[in-house]
2 protein chains.
Amino acid sequence: MKVSRYKKEDDITYALGATVVMEYLNNCPDKVKGVILHPSFRSAETIEKINIICSVNSIPVTTEEKPFNILSQKENCFVIAVIGKERGHIKAGNHVVLVNPSNAGNMGTIMRSCAGFGILDIAVIPPAVDHFDPKTIRASMGAAARVRVEVFESFDDYRSRFGTNNIYPFMLDGSTLLQDTKIEGNFSLVFGNEATGLPADYSKIGHPIRIEHTDNIDSLNLPIAASIALFAATKDIFSKEV
Amino acid sequence: MKVSRYKKEDDITYALGATVVMEYLNNCPDKVKGVILHPSFRSAETIEKINIICSVNSIPVTTEEKPFNILSQKENCFVIAVIGKERGHIKAGNHVVLVNPSNAGNMGTIMRSCAGFGILDIAVIPPAVDHFDPKTIRASMGAAARVRVEVFESFDDYRSRFGTNNIYPFMLDGSTLLQDTKIEGNFSLVFGNEATGLPADYSKIGHPIRIEHTDNIDSLNLPIAASIALFAATKDIFSKEV
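Residues numbered from 1 in each chain as written. Chains lettered and ligands numbered in written order. Predicted model: local features only at pLDDT ≥ 70, side-chain atom pairs only at ≥ 80, totals over all residues. Heavy atoms only, no water.

Caption draft 1: Geometry of the environment of Phe78 of chain B. Tracing the backbone shows Phe78 of chain B in the loop between α3 (66-71) and β4 (79-84). Distance in space between the C-alpha atoms of Phe78 of chain B and Ile36 of chain B is 8.4 Å, their sequence separation being 42 residues. (Helix = DSSP H or I, 4+ residues; strand = E, 2+ residues; numbered from the N terminus.)

Here it is as structure tokens:
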């Protein structure tokens, strides 16, 4: 199977590693254009599962070493899936909105937490890191196969589509503490760039929230802040369900 | 200044990048054995700050390129500090306990969250990743200069020193939900390995807690779980202080 170093303009991307590949095969086999096994991959059980799903869905499977040299020199990776990119649309409901996220690994870790807390729709406001980057997909541990991501032209563009959502921008100087804020309705949890946070004018939108921390640090890591917010926003749902 | 690729058995480690170096110089200049500036480092303000602190503390400063080639080929890094390792002792109070953590970046991200939520003492139960690894220090964004880390022989060894702490092991099958558990007293938040979690027998210790998530994912990322726990355990302290 022909592969080449990933580029943003390609219409395919790559899922690296058995866990991630299985998430795609189990959740959206229609997006999988092919699966490549490393000649020294020895997990008979996983290979059998892959072969069954690929056979049912007419997905080609090859065994060859070269694609691994091109796509994953450094990693302990024995399975690659070629994934077709589809520009997604998010659904009405609860959202995470990422304004100018810049790090592929962080984007993937946020996808994993979103899937974990049942928030399956992520809006992205550019400029932003490529959410199809193989590093994003790998960091998501396969959650990229479950969440819907839509890139909007601007935050106004996003709001014009989801105007009835309650907006909660997370800011270092947010006016209320997370633990003192009731997050309700259909909600949008909004986070800024890793280094610079949200632009100051987001403090005039909706209900700005602060995750209080000591001045030992400048800020929390972005996926950490987003995940604490997701936990707080969804904990009552879980308490009720259990 | 002579540097070599970091090895665990060395009695020095390295802080890479201006932010991290400044944290060490501001918080524990006594641990800094030397500072190396890259010849193309242009931030006059930072260079002046470094020179003042190093002069006051008799820390040598050199400008040379070679150490950067050895220690940080890939990173956008213009300042390195040589840090003396000191085997630390944690203090009585609230702790995070990491049982068999295996990833250096995760360890650093946890240090950053611990510093952020004011929990400055981290116990480590081996086998464990080296908490002096430059990758850990870099991921901590310098919080490594603020937290105390102590490696214990075993969890029993840890408990024999801090027997009055309330123990909260975080487990996928913990008996109570985090949002329904009052974390009190001097507390120890205990987390297992990234891939395998805590051994099953920790469910008989203290008050096992579960951070509920959907079955979309196998588990939360370790620093995410630890940070959600830190937020929940400290939020009443912050609410009162504000």
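Structure's up, so let's keep going.
Caption draft 2: Structural view of unusual backbone geometry. All names here are of chain A. Between Pro126 and the following residue, Pro127, the backbone shows a cis peptide bond with an omega angle of 0°. Despite not being glycine, Asn100 shows a phi value in the positive range, around 60°. Looking at where Asn100 falls in the secondary structure, it is placed in the loop between β5 (95-99) and α4 (104-116).

Caption draft 3: A look at the relation of the copies chain A and chain B. The two copies are related by a screw motion: chain A maps onto chain B through a turn of 180° and a shift of 0.0 Å along the axis, at an RMSD of 0.0 Å. These values place the two chain copies in the arrangement generated by a two-fold rotation axis. Most of the interface of chain A is mirrored in chain B, where 100% of its interface residues again form contacts. (Least-squares fit on C-alpha atoms with pLDDT ≥ 70 in both. Contact = heavy atoms within 4.5 Å.)

Caption draft 4: View of the environment of Asp173 of chain B. Secondary-structure assignment places Asp173 of chain B in the loop between β8 (166-169) and β9 (176-177). For the pair Asp173 of chain B and Gly84 of chain B, spaced 89 residues apart in sequence, the C-alpha separation works out to 41 Å.

Caption draft 5: Broad picture of the domain arrangement of chain A. Residues and elements named next belong to chain A. Under the domain assignment used here, chain A contains domain 1 (12-84) and domain 2 (95-241). Spacing between the C-alpha centres of domain 1 and domain 2 amounts to 30 Å. With 14 residues of domain 1 at the interface, the matching set in domain 2 holds 10 residues. For the pair domain 1 and domain 2, the summed buried surface comes to about 1100 Å²; carbon and sulfur atoms form 55% of the total. Sorting the residues of domain 1 by area buried against domain 2 places Thr13, Glu23 and Tyr24 first, and these three jointly supply 38% of that buried surface. Linking domain 1 to domain 2 there are one salt bridge. The partner of Arg146 in a salt bridge is Glu23, with the nearest N and O atoms 2.8 Å apart. Across the contact surface, domain 1 and domain 2 share four residue pairs in polar contact (both at pLDDT 80 or more). (Domains from an automatic or database assignment. Buried area = accessible area lost by both parts, 1.4 Å probe. Salt bridge = Lys/Arg side-chain N within 4 Å of Asp/Glu carboxyl O. Polar contact = N/O pair within 3.5 Å; in protein donor to acceptor, adjacent residues only side chain to side chain.)

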